[in-house]
Amino acid sequence: MNIRRRLIPTAAVTAVTAIAMGTLSACSSDSTAAGNTGKFDVVASFYPMAFLAEQIGGDHVNVTSLTQPGQEPHDLEISAKQTVQLEKTDAALYLKGLQPSVDEAIGQSGVRTKIDAATLTTLETHGAEDEHGHGDKGGHGDKGGHAGHSHETQGGKDPHVWLDPVKYAEVAEGVGKAFEKADPDHAVDYRKNTETLVGKLNALDTTFETGLKDRKTDVFITTHASFGYFAERYGLTEEAINGLDPESEPSAARVKKLAETAKADGVTTIFYETLVSDDTAKTVAGDAGLKTDVLDPLEGITDTSRGDDYFEVMESNLKALQTALGAA
C-alpha cells in the first residue's frame, strides 16, 4: 500500500527567505570551528543533517559536520578534537542508529541541545533478513523492500528517512522548532526558513509522484538497501543485492535470483551508490546482461555527485529511475 501524507507548513509563507540551496558554503569541516563564533553553533553528524541545519538556520548558524565530504558516514570514528568540539557547540543534530560512534559521543557530551532526527518522524522496519543477510520485500503491501543491515536504529528500524521528501520535511519541522527554542532571538527567521524548506520538499514530492507515474515496472535493484521509505512512498519495490554490507560479494544463489527477478519484472539497470565501489553492481549486471547507473543515497556530497545539494541530487535520482523504470 502506498501511503501518502503531505506535510503542510504551519503558516503560509508570505516571503521567500533567502536560503542558499547550493553547497553548504557556511558549513565547516574544521573540528575547531564550533563554539564562540558569535552565531548559533550546530554540530551535524553527516550531510543530510548539516543540510537541514544550514537551510533552517540561514545566516544565524555556524554548522560543522562530523563527517568529511566523501567519507562513508557509517565508518566514522569520532576523534579527540571532535569530542572537544561537541563540548563547545550550542546544539548537536544527528540521526541515532546510523553512526554508533556519533551516538555515543553525543550521548556522553555536555552539549545543551541534542536533536535526534530519529525522534522527529515515524521510523519503520523495511524487510527482514534471511540466513544470508538479504532482506525480503517491504512489509507494506510488498512495497519498499529494505534489506536488514548493520546501521539500523534500535529495534531494527530503518534510518534512511531523508530519502523520502515527506519524512524529511517532518524532520525539518522538528529541527526548526528545536532551533526556535534553543535560540529564541532568531525564532521568527527559523520559522520562516523551515516553512520555505518544507514547501520545497513538498514540491519535490509532487515532482517524484508525477515523474514516476507512467512507468513500465515497479522494481528497481540496488547494491545496498537504502531506499525503503522512498520505495514505499512511490509504490516501488526495492531489491537489494547486499543488506548487511554494500561492498560484500553476493552469493551465486542471490545473483541468480536477481537475474530471474530482472527478467520477470523488466528490470534493465543495477544501481550502485557513490561512496562505495561499483564492482559488485558491475559483476551482477554483467552476469544478468543489465546496465549500471548511480542511485545516490545522499549520505555525502562529493565532486562526483550528480548535483551540488540535496535537491539537485534527488532530481538526478529521479531521472535515473525514470530511465530504468521506463517512465522517461
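Worth saying up front: this structure is predicted, and the values here are computed from it rather than measured.

**Q** Quick one: what's the story with the overall build of the protein chain, residue by residue and with numbers?
**A** Looking only at helices and strands, the protein chain features 9 helices and 9 strands. Evaluated residue by residue, the protein chain yields a buried proportion of 59% over its 328 residues. Sequence separation of 24 or more characterises 65% of the internal contacts of the protein chain that already satisfy a separation of 6 or more. Of the roughly 13,600 Å² of accessible surface on the protein chain, a fraction of 48% belongs to carbon and sulfur atoms.

**Q** Please set out the confidence of the model for the protein chain residue by residue, giving values where relevant.
**A** In low-pLDDT regions, the fine details of the predicted coordinates are not to be read closely. Chain-level statistics for the protein chain give a pLDDT mean of 82 and a share of 78% at 70 or above. Scored below 50 in pLDDT, residues 8–26 makes 38 contacts in the model with residues more than four places away or belonging to other chains. Across residues 128–151, where pLDDT falls below 50, the model places 80 contacts with residues more than four positions away in sequence or in other chains.

**Q** Now, about the sheet that holds strand β8 (residues 269–272): what can you tell me, with residues and values included?
**A** On the basis of which strands lie adjacent, the open sheet formed by 4 strands has the order β7-β6-β8-β9 and parallel pairing. The open sheet has two edge strands with one neighbour each: β7 (237–242) and β9 (291–294). Along the sheet, successive strands turn relative to each other by an average axial angle of 35°, direction set aside. Summarising the sheet, strand β6 (residues 219–224) and β8 pair through 2 bridges and their orientation is parallel. When the sheet's bridge partners are listed, Thr222 is paired in β8 with Phe271.

**Q** How would you sum up the packing of helix α1 (residues 47–57) against helix α4 (residues 165–182)? Please name residues and give values.
**A** Interaxial distance between α1 and α4 falls to 10 Å at its minimum, and their mutual angle equals 55°. Considered as vectors, α1 and α4 are oriented oblique to each other. When the axes of α1 and α4 are compared, the crossing they make is right-handed. Together, Pro48, Phe51, Leu52, Ala53, Ile56 and Gly57 of α1 and Tyr168, Val171, Ala172, Val175, Gly176 and Phe179 of α4 make up the contact between the two elements.

**Q** Kindly report on α4, identifying the contributing residues and their values.
**A** In this model α4 runs 25 Å from its N-terminal to its C-terminal C-alpha over 18 residues, within 8% of the 26 Å that 1.5 Å per residue would give. Along α4, 15 of the 18 residues are buried, which leaves the element largely enclosed by surrounding structure. Of the residues that open α4, the one with a side-chain oxygen 3.0 Å from the backbone nitrogen of Val166 is Asp164.

**Q** Describe the packing of aromatic side chains, listing the residues and the values that go with them.
**A** Under the criterion given, the structure shown has 14 aromatic pairs. Aromatic pair Phe179 and Tyr190: ring centres 5.6 Å apart, planes at 70°, arrangement edge-to-face. Of this pair, Phe179 sits in helix α4 while Tyr190 sits in helix α5 (residues 187–211); the two residues are 11 residues apart in sequence, bridging distant segments of the chain. Summarising the burial analysis for this pair, Phe179 and Tyr190 share the class buried. Seen in terms of ring centroids, Phe208 and Phe230 are 5.2 Å apart; in terms of plane orientation they differ by 85°. Their pairing is edge-to-face. Of this pair, Phe208 sits in helix α5 while Phe230 sits in helix α6 (residues 228–233); the two residues are 22 residues apart in sequence, bridging distant segments of the chain. Like Phe230, Phe208 is buried. Cluster of aromatic residues (ring-pair linked, three or more members): Tyr47, Phe51, Tyr168, Tyr310 and Phe311.

**Q** How would you sum up the pattern of salt bridges? Please name residues and give values.
**A** Summed over the entire model, instances satisfying the criterion amount to 7 salt bridges. With its nearest N and O atoms 2.8 Å apart, the salt bridge here joins Glu180 to Arg191. Here Arg191 lies in helix α5 and Glu180 lies in helix α4, a separation of 11 residues in the sequence. Overall, the relative accessible area of 16% leaves Glu180 in the buried class.

**Q** Account for unusual backbone geometry, with residues named and values stated.
**A** At Leu298, a position not held by glycine, the phi torsion is positive, near 60°. Along the chain, the position of Leu298 falls in the loop between β9 and α9 (310–325). Overall, the relative accessible area of 0% leaves Leu298 in the buried class.

**Q** Let's hear about α1: which residues, and what values?
**A** Along α1, 11 of the 11 residues are buried, which leaves the element largely enclosed by surrounding structure. For α1, the set of buried residues is Tyr47, Pro48, Met49, Ala50, Phe51, Leu52, Ala53, Glu54, Gln55, Ile56 and Gly57. One or two positions beyond α1, positive phi appears at Gly58, with a value near 55°.

**Q** Describe the nonpolar core, naming the residues involved and giving the relevant values.
**A** Side chains that are nonpolar tend, in soluble globular proteins, to be buried together. Among the nonpolar cores identified, the biggest contains 58 residues, and Leu52, Phe179, Leu212, Phe220, Phe230, Leu298 and Tyr310 are the most heavily contacted of them. At the level of secondary structure, the elements contributing two or more residues to this core comprise β2 (40–44), α1, β3 (61–65), β4 (91–94), α4, α5, α6 and α9. For this core, the element with the most residues is α9, which contributes 9 residues. Residue contacts for Phe179: discarding those within four places in its chain leaves Phe40, Val42, Ala53, Ile56, Gly57, Val61, Ile115 and Tyr190. Formed by 14 residues, the second largest nonpolar core is a distinct cluster that contains Val255, Leu258, Tyr272 and Ala285.

Criteria and thresholds
Residues numbered from 1 in each chain as written. Predicted model: local features only at pLDDT ≥ 70, side-chain atom pairs only at ≥ 80, totals over all residues. Heavy atoms only, no water. Helix = DSSP H or I, 4+ residues; strand = E, 2+ residues; numbered from the N terminus. Buried < 20%, exposed > 50% of the residue type's maximum accessible area, 1.4 Å probe, protein only. Contact = heavy atoms within 4.5 Å. Areas by Shrake-Rupley, 256 points an atom, 1.4 Å probe, with all protein chains shown as cover. pLDDT = per-residue confidence, 0-100. Pairing = 2+ DSSP bridges. Axes fitted to C-alpha atoms, helices over the stretch in contact; angles between N-to-C directions. Parallel < 35°, antiparallel > 145°, perpendicular 65-115°, else oblique. Left-handed = near helix turned anticlockwise from the far one by under 90°. Expected span 1.5 Å × (residues − 1). Polar contact = N/O pair within 3.5 Å; in protein donor to acceptor, adjacent residues only side chain to side chain. Phe/Tyr/Trp six-rings, centres within 6.5 Å; stacked < 30°, edge-to-face > 60°. Salt bridge = Lys/Arg side-chain N within 4 Å of Asp/Glu carboxyl O. Core = buried A, V, L, I, M, F, W, Y, C linked by side-chain atoms within 4.5 Å.

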